[in-house]
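Given next are the chains, with one letter for each unit.
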Amino acid sequence: MLIVAALGGNALLRRGEALTAENQRANVRQAAIALATLISAGHSLVVTHGNGPQVGLLALETAGPDGAGLPLDVLGAETEGMIGYMIEQELAGLLKGYRFATLLTLVKVNANDPAFQQPTKFIGPVYAAETARKLAAERGWTIAPDGEKWRRVVASPLPQTIMEADVISLLVRQGVTVICTGGGGIPVVEGPGGGLAGIEAVIDKDAASTLLAEQLDADMLLLLTDVDAVYADFGTPNARPLTKIDPGSVDEKQFPAGSMRPKIAAASRFSRSGGRRAAIGRLEDAMALVAGAEGTAFFSQQAD
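The written sequence of each chain sets the order in which its residues are numbered from 1. Only residues with pLDDT of at least 70 get local features here, since the model is predicted, and only at 80 or more are side-chain atom pairs given and counted; chain-wide, interface and lining totals rely on the full set of residues. To get the side-chain values, all heavy atoms of the structure are used, and hydrogens and water are removed first.

(A) How the structure looks around the sheet that holds strand S5 (residues 121-127). At least two bridges found by DSSP between two strands are what make those strands a pair. Segments assigned H or I by DSSP are reported as helices when at least four residues long, segments assigned E as strands when at least two residues long, and all are numbered from the N terminus. One open sheet accounts for three strands, arranged S5-S7-S6; its pairing is antiparallel. The strands lining the two open edges of the sheet, one partner per strand, are S5 and strand S6 (142-146). Mean inter-strand twist for the sheet, computed between neighbouring axes without regard to direction, equals 40°. Bridge count between S5 and strand S7 (residues 149-154): four bridges; the pairing is antiparallel. The residue bridging Lys-121 from the neighbouring strand is Val-154, located in S7. For this analysis, residues touch if any pair of their heavy atoms sits within 4.5 Å. Between N-to-C directions, angles span 0 to 180 degrees; the directions come from axes that are lines fitted to C-alpha atoms, helices contributing only their stretch in contact. Together, S5 and S7 form the strand contacts of helix H2 (residues 52-62), whose direction differs from that of S5 by roughly 65°.

(B) Molecular detail of the nonpolar core. Residues belong to one nonpolar core when they are buried, are Ala, Val, Leu, Ile, Met, Phe, Trp, Tyr or Cys, and are joined through side-chain atoms within 4.5 Å. Categorising residues by exposure relies on relative accessible area from a 1.4 Å probe, with only protein chains included: less than 20% of the type maximum marks a residue as buried, more than 50% marks it as exposed, and the intermediate range marks it as partly exposed. Grouped together as the largest cluster of nonpolar side chains are 39 residues, with contacts concentrated most on Val-4, Val-46, Ile-168, Leu-212 and Ile-280. Examining the composition of this core, we find that five residues originate from one element, helix H7 (residues 260-271), more than from any other. Once you skip the residues sitting within four places of it in the chain, Val-46 turns out to touch Leu-2, Ile-3, Val-4, Ala-5, Ile-168, Val-172, Val-178, Cys-180, Leu-212 and Leu-216. Among the nonpolar cores identified, the runner-up in size contains 29 residues, and Leu-12, Met-86, Ile-87 and Leu-95 belong to it.

(C) Structural view of the packing of aromatic side chains. What counts as a ring pair is set by centres within 6.5 Å for rings of Phe, Tyr and Trp (its six-membered ring), and what kind of pair is set by the plane angle: stacked under 30 degrees, edge-to-face over 60, tilted for all other angles. Per the counting criterion, the structure on display carries one aromatic pair. When the ring of Tyr-127 is compared with that of Trp-141, the centres are 6.4 Å apart and the planes differ by 40°; the resulting orientation is tilted. Here Tyr-127 is found in strand S5, whereas its partner Trp-141 is found in the loop between helix H4 (129-139) and S6, with 14 residues between them in sequence. Judged by relative accessible area, which is 13%, Tyr-127 ranks as buried. Residue Trp-141 is classed as buried on the basis of its relative accessible area, which comes to 14%. The rule for a charge over a ring is simple: NZ of Lys or CZ of Arg within 6 Å of the ring centre, and within 35 degrees of the ring normal. For Lys-244, the ring lying beneath its charged end belongs to Phe-299, and the centroid distance is 5.8 Å.

(D) Spatial organisation of empty space enclosed by the protein. In this analysis the probe radius is 1.4 Å and the grid spacing 1 Å, with only protein atoms considered; a cavity is a set of points the probe fits into but cannot get out of, a pocket is an open set with protein on both sides within 12 Å along at least five of seven lines, and lining residues have an atom within 4 Å of a point. Grid points are joined across faces, edges and corners, and a volume is the space filled by probe spheres set on the points. The tally for this structure, following the rule as stated, stands at one cavity of 30 Å³ or more. Approximately 60 Å³ is the volume attributed to the largest cavity. Asn-51, Val-55, Leu-72, Gly-76, Gly-182, Gly-183, Gly-185, Pro-187, Ala-201, Val-202 and Ile-203 together form the lining of the largest cavity. Polar here means any residue outside two lists: the nonpolar Ala, Val, Leu, Ile, Met, Phe, Trp, Tyr, Cys and Pro, and the charged Asp, Glu, Lys and Arg; Gly therefore counts as polar. When the residues that make up the lining of the largest cavity are grouped by side-chain class, the tally is six nonpolar, five polar and no charged.

(E) Fine view of the sheet that holds strand S17 (residues 296-298). One open sheet accounts for eight strands, arranged S3-S9-S2-S1-S12-S16-S17-S15; its pairing is mixed. If you trace the sheet from one side to the other, it starts and ends with strand S3 (99-103) and strand S15 (244-245), each paired once. Examined bridge by bridge, strand S1 (residues 2-7) and strand S12 (residues 220-225) share five bridges and lie parallel to one another. Residue Leu-7 lies in a different strand from S12, and its bridge partner there is Leu-224. Of the strands in this sheet, S1, strand S2 (44-49), S3, strand S9 (176-180) and S12 are in contact with helix H1 (residues 21-40), which crosses S2 at around 155°. Where helix H3 (residues 72-94) meets the sheet, its contacts fall on S1, S2, S3 and S9, and the angle it forms with S3 comes to roughly 175°.

(F) Structural detail: the side chain of Asp-73. Take Asp-73: it is sitting in helix H3. The sign given to each residue is positive for Lys and Arg and negative for Asp and Glu; His and the chain ends receive no count. Salt bridges are defined as contacts in which a side-chain nitrogen from Lys or Arg sits within 4 Å of a carboxyl oxygen from Asp or Glu. Arg-152 provides the closest opposite charge to the buried, salt-bridge-free Asp-73, at an N-O distance of 11 Å.

(G) Inspection of helix H6 (residues 205-215) at higher detail. With eight of eleven residues buried, H6 lies mostly within the body of the structure. Polar contacts here mean pairs of N or O atoms no more than 3.5 Å apart (in protein, one a potential hydrogen donor and the other a potential acceptor; neighbouring residues in sequence count only if both atoms are side-chain atoms). Sitting at the amino-terminal end of H6 is Asp-204, which places a side-chain oxygen 3.1 Å from the backbone nitrogen of Asp-206. Where H6 terminates, the next one or two residues include Asp-217, which has phi positive at roughly 55°.

(H) Just the packing of H6 against H7, in detail. Direction vectors running N to C along H6 and H7 enclose 10°, while the axes themselves pass 8 Å from each other. With respect to their mutual orientation, H6 and H7 come out roughly parallel. In this structure, H6 contributes Lys-205, Asp-206, Thr-210, Leu-211, Ala-213 and Glu-214 to the contact, and H7 contributes Pro-262, Lys-263, Ala-266, Arg-269 and Phe-270. Of the residues in the contact of H6 with H7, the class split is five nonpolar, one polar and five charged. When describing relative orientation, an angle under 35 degrees is termed roughly parallel and one over 145 degrees roughly antiparallel, while 65 to 115 degrees is termed roughly perpendicular and anything else oblique.

Below you can see the structure in the form of structure tokens.
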């Protein structure tokens, strides 16, 4: 079975942890253990991952006195390479004789996407309100509340095409486990002459992973996070896990916009086509998610 496994931010950084190489390495090692069980079981695997904390911190570190720094597409490429390197190295250490490849991935978006007029994608660390307002004034950022703190937000246009999908498919057919589309991929737009140019944005990792799974004609989409399932009435005394969701009837707007809603939208979109499966759950439950024993499974009534 061909599985696209999308690692949430917890695969690299636990909540409240400092963004150090040591912390990221330790967390990637645990992620690799879970992914290795899927590969050892005979599944073909394509791994995607987030990069929100990493790209935001790098943008802050590379900015000059005037607030200008490297553009987000370049920073996305840097973090995709760094994180992919860690994942590939840990997997290779666990699975001798298997083949792995990290691929920088261009993702085409629409330069006129409405998202550019309304930035919503959180990147970087959290700040106290006063600090966030100061940085926004100095660097020309857009900021928004994230719980009790504030963070930078950037445009998150919808992905239209995974440019390297054919190359990824070729590698998979040769038995290679591919790490790609990191951080949603590197956002590019088509220019007047047909060439591609980077653009200031960060693509949602779950949306890009879904598009990749569709272009690869994958059998299953796994959205791996730090919660055991999707919960109805989350955060209330009536919270309860949902073991199955029909993508044709779920109301995505009932779920938090900044956390679970994008995952539910992604899983619903992919599983609406008959025969395709999607699941949301904990990284360490990856094998159980494939078996349908843990997490939240998405299935279409039309497929039954």
